[in-house]
Amino acid sequence: MSDTKNVLIVGVGGQGVITASEILSEVAMLEGYDVKKSEIHGMSQRGGSVSSHIRFNKEKVYSPTAPEGTIDFLMSFEKLEGLRWIDHLRQDAVAVINDYRWDPLPVSSGQVEYTPEVEKKIKERRKAIIYKASDVASKLGNIRATNIVLVGTLAKLLPFKKETWIEVIKNRVPPKTIELNIKAFEEGFKQEF
Amino acid sequence: MEKPKKKILTGNEAIARGAYEYGIEVAAGYPGTPSSEILENVVLYKDHVYCQWSPNEKVAFETATGAAFSGRRSMVTMKHVGLNVAADPFFTVAYSGIEGAFVIISADDPGMHSSQNEQDNRNYAKFAKIPMLEPSDSQEAKDFMGEAIKISEEFDTPVMLRVTTRTCHSKSIVTLNDTRPENKKEFPPRQSQKYVMIPAHAKKRRLIMKERLEKLSKYSEESKLNVEEINDKEIGIITNGISYQYIKEVFPKASVLKLGMTNPLPMQKIRKFTETVKKCYVVEELDPFMEEQIKSAGIKVIGKEVIPEIGELNPEIIYKSITGKDFGYTNTVAELKLPTRPPALCPGCPHRGVYVVLKKLKARVSGDIGCYTLGVLPPLSSLDWQVCMGAGVSMTLGIEKGWDENVAEKLVGVIGDSTFIHSGITGLIDMVYNKGTSTIIIMDNRITAMTGRQEHPATGKTLMGEETHELNLVELVKAVGIKNVEVVDPLDLPELEKILKTEMARREPSVVITRRKCVLIDKELKRIPLEVDPEKCTGCKLCLAVGCLALSFEDKKTKVDPMLCTGCMVCARQCNFGAFKQNGTYLEFKKQK
C-alpha cells in the first residue's frame, strides 16, 4: 500500500466540515503534496451525517476516498459522529474530537436515546483527544469558529508549517472574521495531548 | 517562464473550467445532484459563456441544441434521471448531428447518495449511438471537455461526457490554461435535410450514423483516451472512470487498460490487452456495460461474477472482490447500534408546517422530488407515494380516478415551486381537463432548495444574476382553469388547516400555494429562539413529533437549542401546557378543533 496519509473529517451538516477539509487540502497542495479529497454533498447537508476524506502524498494520490481501516487522523465536530467513524482509523491513529452533543433526528424526535458514555467508547477503541472545542470558540465570541479551533489541534499532528495554515485560513474565511479565526486556530494549536 | 497555475478543483468545477478553456459559448441545464455545481461555476465565466437554468432538462437540452444546430459550441448539464426527461430530443439530435460542438453532461449517482434510482446512463450513449467519454479525476474532467468538443465537431455528433457523484464532488489538482479558442463560424445557411427530421431525412441520416459509428470505433482504437499500462502480466484489469483510481490504489502492480472513451469501445485494443495478460478482469461500477460487449465479442474476461453491480465501488470492495481476502477492517461500532443521523428539514423550514397539518388531517399524500420529500421520514412520516419530478400532481389524478370520492377527499398532491414549473404544470392541466377534484399543494419556498438554492422562473432572477420576469404562480394556475386558489403562510398552522379542510372537501380541483421563503435564503427572518420552561413541560413529547433538530429531550424535558431555533412556533403550537416562551413571554395558542 502507498505512503498516502489519510485524514477523515466528520460532523453534522452545517458544522463546517467542508470548510475545514478545503483548508487542509489547500495547505497540503501549497506544501508541495499531491492531494485528493472527497465528500458527498446533497441531501446530507440538512442536519445529516457529513464526512470528508483528505489524502496527501509527495507521490501521486489515486483514490479520492481512503480505504476503510486506513485513516491516520480523524477529526470530529460532534462526539457521536466521532464514535460512528472510529473503526475507520488505523490501530495507532489519533482522533481529535469535539466534546459536543448534537442530537440526530431519531433522538430529537424522541424515538431513541442518544448513546451513553460516547467518550469512553471512543477511548476504548483508539487514542483520542476529546475536548470542548465549541466552548473554546464560544469564549472567543463565536461558536461557528469551532471548526477552526479543531483545525488548529489537527495542525499540530500534521507535517505542515504553521504559517501555511494561517495563510490559507486568512484567504479562506470572511475578511471580517480573520482575527477571530486566527485566534481560534491558535487556541486549538495550544491543546495538550 | 511563469509556472502553470494549479488549483484544487472538484470535477464539476473542472468541467466548468474546461467549458471556458475549450470555447463553450452556450450552456444550459436544470439543477440536480451531483450535476448542479457545473453551471454554478460556468457562471464565473459569464463574460465569455452564456449560461442559464431552464425550467427542466428537456428545455435545457433543446436550448443547447438550438445553439449547436446554429453553429455555437454548446453544453447541457443534468443528473442521470434528467436525461430521461430530455430523452426525446437526445435520440433525434444524434441523427442530425451538429454545426457547433454539443456536449451532453450526464452526472450519474451510483449508490444513490441523492437520487431515486442508480440507472447507468452509459446505456444511453450506446442506445443513441453517440460517443461517450468518462473522466476519472478533475484534471481529466477538464481535459475531456476539450476532447468532447473536438470529437463532436470532427465527427458531426453530440458527445456524452458521463461523470459520477465521486468524480463530480471529489477534488484534485488541476493545471489551468488561459487560452480560449475563438469560434469564427458564421450563421449557417438552411440545411433542412440535416436539421429537420422528417422520415425521409431521418432515413438518410440513419445510414450516416452507422458510418459515423464505424469511424468513431477506429478513432476509439487509436485514441489517447484509451491507455494501456502494462506491468505485471499475471493480472490485467479493464476499467473506466473513477474505478481506475481505486484500482491503482489497491493493485499498483497490475496491468491496466484504462478506457476514457467507452462508446464505442476499442474492441481490438481490448482483445490485444486480454491476450497480453494471464487473467483479465473488467471492473466497472453499476451495469456490465463494457463487460457484456466484450463477452459478446468472444473475449474471455471476468466481471460481474465477482464485482458488485449494485452501488458505488471503492478500493476495498474491488480488492476483496478480486483477491477474496479481507481488507483488515473490523467493525466494532455496529453492535452499539448508534442512532442514525438522517437528513432532516431545517429548523424553521416552511415545509414542516404543511406536513404537521397533513398528518393531523390524516391525508394520503402523493409527493414529489425536493427537500419536502424528507417529509417521508419519521416522525413526520407523511408521504404515501413518490416517483419522479411532476408525478406528485399526475399520480393524484390517477389515484382519484381509480377510486371514489371518499378517497379523493383525503387525497393531496404536494410539489415544490421549481418542480411544479419543471413538470407539475402539465399534470395540473390534465387534472382540470379530465375533471379531477383533488387538492394540490404547491410548497412555494421561492427557490430550488434541495440542490443548493438555484434560481428558477418564479424567482425573478436568472443564473447570470439578472432581474427578469417573475412567473406568477397564482395567475398561471388560474389560467389552466383552477378556480379555487389559496395562498397561505405554511407556518400559520390554524389558517393552513382551515383552508386545507375546505379545499379537500370541495368537489372541484383546488390549488393551495403555501408560500414562505426557504429558511436558508430568508434574509429578513428575525431569529428569536424559543425556550421551554422545565416547570411547565410535562415531558409528553408532543412537540418532538414535528421532527425539528433544534429540539432535544434531556432529563424528561424538551430543550431548545438557541443556536438552531428560528422561532417558527410549529413545535410550540403542539404544546398543551403553555411551556414554550419567546423573549421571556409565555406563548399561548388557541386550540384548533
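### What to know about the interface of chain B and chain A
So, step 1. Between chain B and chain A, the contact holds 59 residues from the first and 61 residues from the second.
So, step 2. Counting the surface lost from both chain B and chain A, the interface buries some 5,300 Å², and carbon and sulfur atoms represent 59% of this.
So, step 3. Our count for the contact surface shared by chain B and chain A stands at five salt bridges.
So, step 4. The closest approach of N and O atoms between R341 of chain B and E78 of chain A, which form a salt bridge, is 3.1 Å.
So, step 5. Of all the secondary-structure elements, those providing two or more residues to the side of chain B that touches chain A are strand 1 (5-10), helix 8 (165-169), strand 8 (171-176), helix 11 (241-250), helix 14 (315-323) and strand 20 (551-554) of chain B.
So, step 6. In terms of residue count, helix 11 of chain B provides more of the side of chain B that touches chain A than any other element does, six residues in total.
So, step 7. For the side of chain B that touches chain A, the residue count by class is 30 nonpolar, 14 polar and 15 charged.

### Quick word on the pattern of salt bridges
All names here are of chain B.
So, step 1. Taken as a whole and assessed by the stated rule, the structure comprises 55 salt bridges over all chains.
So, step 2. Across the salt bridge formed by E312 and R166, the nearest N and O atoms sit 2.9 Å from each other. Of this pair, E312 sits in the loop between helix 13 (289-296) and helix 14 while R166 sits in helix 8; the two residues are 146 residues apart in sequence, bridging distant segments of the chain. We note that E312, like R166, is buried.
So, step 3. Among the ionic contacts, a cluster of salt bridges with common partners joins D108, D120, R122, E134, R162 and E284.

### Observations concerning the packing of helix 3 (residues 57-69) of chain B against helix 5 (residues 87-96) of chain B
Residues and elements named next belong to chain B.
So, step 1. Running from amino to carboxyl end, helix 3 crosses helix 5 at an angle of 15°, the nearest separation of the two axes being 9 Å. By the criterion of interaxial angle, the relationship of helix 3 to helix 5 is roughly parallel. Pair helix 3 / helix 5 crosses with left-handed handedness. Across the interface between the two elements, K58, F61, E62, T65 and F69 of helix 3 pack against D88, P89, F90, V93 and S96 of helix 5.
So, step 2. Split by residue class, the contact of helix 3 with helix 5 holds five nonpolar, two polar and three charged.

### Let's talk about the environment of G100 of chain B
All names here are of chain B.
So, step 1. With respect to the helices and strands, G100 occurs in the loop between helix 5 and strand 5 (102-108).
So, step 2. Relative accessible area serves as the criterion here: at 0%, G100 is assigned to the buried category.
So, step 3. G100 sits 57 residues away from T157 along the chain, and the two C-alpha atoms are 9.5 Å apart.
So, step 4. Beyond its immediate stretch of four places on either side in the chain, G100 contacts A68, G71, R72, R73, E153 and K185.

### Re the nonpolar core
So, step 1. Membership of the largest hydrophobic core comes to 79 residues, with the highest contact counts inside it found for Y355, L358, V414, L428, I441, L500 and F580 of chain B.
So, step 2. Taken together, domain 3 (350-515) and domain 4 (530-586) of chain B each give at least three residues to this core, which thus spans both.
So, step 3. Those residues in contact with L500 of chain B that lie beyond four places of it in its chain are V357, L358, L361, T439, I441 and V512 of chain B.
So, step 4. Counting residues in hydrophobic clusters, the runner-up holds 43 residues, among them F77, V96, Y131 and V151 of chain A.

### What about the environment of C518 of chain B?
Residues and elements named next belong to chain B.
So, step 1. Of note, C518 is situated in the loop between strand 18 (510-515) and strand 19 (530-532).
So, step 2. Spatially, the C-alpha atoms of C518 and H351 are 8.8 Å apart, while their sequence positions differ by 167 residues.
So, step 3. Not counting chain neighbours up to four residues away, the residues in contact with C518 comprise N445, I447 and A449.

### A short note on the sheet that holds strand 7 (residues 159-164) of chain B
Residue and element names in this part refer to chain B.
So, step 1. The mixed open sheet is built from seven strands, whose spatial order is 3-2-4-5-7-6-12. Lying at the two open borders of the sheet, with one neighbouring strand each, are strand 3 (50-53) and strand 12 (261-263).
So, step 2. Running at roughly 165° to strand 4 (residues 74-79), helix 3 makes contact with strand 2 (26-29), strand 3, strand 4 and strand 5 of the sheet.

### Details of the environment of K498 of chain B
Residue and element names in this part refer to chain B.
So, step 1. Tracing the backbone shows K498 in helix 20 (residues 493-505).
So, step 2. Since its relative accessible area comes to 51%, K498 is described here as exposed.
So, step 3. Linking K498 and T437, residues 61 residues apart in sequence, is a C-alpha distance of 18 Å.

### Here we look at helix 8 (residues 178-190) of chain A
All names here are of chain A.
So, step 1. Here helix 8 contains 13 residues, and its C-alpha end-to-end distance of 18 Å stays within 8% of the 18 Å for a straight helix at 1.5 Å per residue.
So, step 2. What helix 8 keeps buried is the set L180, N181, I182, A184, F185 and G188.
So, step 3. Its buried side turned inward, helix 8 meets strand 6 (127-131), helix 5 (133-140), helix 6 (146-157) and helix 7 (162-172).

### Re the sheet that holds strand 19 of chain B
Residues and elements named next belong to chain B.
So, step 1. Strand order in the open sheet formed by three strands is 19-22-23, and the pairing between neighbours is antiparallel. Each having just a single partner strand, strand 19 and strand 23 (585-586) make up the two edges of the open sheet.
So, step 2. For strand 22 (residues 580-582) and strand 23, the ladder comprises two bridges, and the chain directions are antiparallel. Residue pairing in the sheet places K581 in a bridge with Y586 of strand 23.

### Regarding the domain arrangement of chain B
Residues and elements named next belong to chain B.
So, step 1. Domain boundaries assigned for chain B yield domain 1 (5-222), domain 2 (226-323), domain 3 (350-515) and domain 4 (530-586).
So, step 2. For domain 1 and domain 2, the distance between their C-alpha centres works out to 25 Å.
So, step 3. Counting residues at the interface gives 31 residues for domain 1 and 30 residues for domain 2.
So, step 4. Approximately 2,400 Å² of surface area, both sides summed, lies buried where domain 1 meets domain 2, with 49% of it carried by carbon and sulfur atoms.
So, step 5. It is R122, S220 and E221 in domain 1 that bury the most area against domain 2; as a group they hold 26% of the surface buried on that side.
So, step 6. Scanning the region where domain 1 abuts domain 2 turns up three salt bridges.

Calculation rules
Residues numbered from 1 in each chain as written. Chains lettered and ligands numbered in written order. Predicted model: local features only at pLDDT ≥ 70, side-chain atom pairs only at ≥ 80, totals over all residues. Heavy atoms only, no water. Contact = heavy atoms within 4.5 Å. Buried area = accessible area lost by both parts, 1.4 Å probe. Salt bridge = Lys/Arg side-chain N within 4 Å of Asp/Glu carboxyl O. Helix = DSSP H or I, 4+ residues; strand = E, 2+ residues; numbered from the N terminus. Nonpolar A, V, L, I, M, F, W, Y, C, P; charged D, E, K, R; others polar. Buried < 20%, exposed > 50% of the residue type's maximum accessible area, 1.4 Å probe, protein only. Axes fitted to C-alpha atoms, helices over the stretch in contact; angles between N-to-C directions. Parallel < 35°, antiparallel > 145°, perpendicular 65-115°, else oblique. Left-handed = near helix turned anticlockwise from the far one by under 90°. Core = buried A, V, L, I, M, F, W, Y, C linked by side-chain atoms within 4.5 Å. Domains from an automatic or database assignment. Pairing = 2+ DSSP bridges. Expected span 1.5 Å × (residues − 1).

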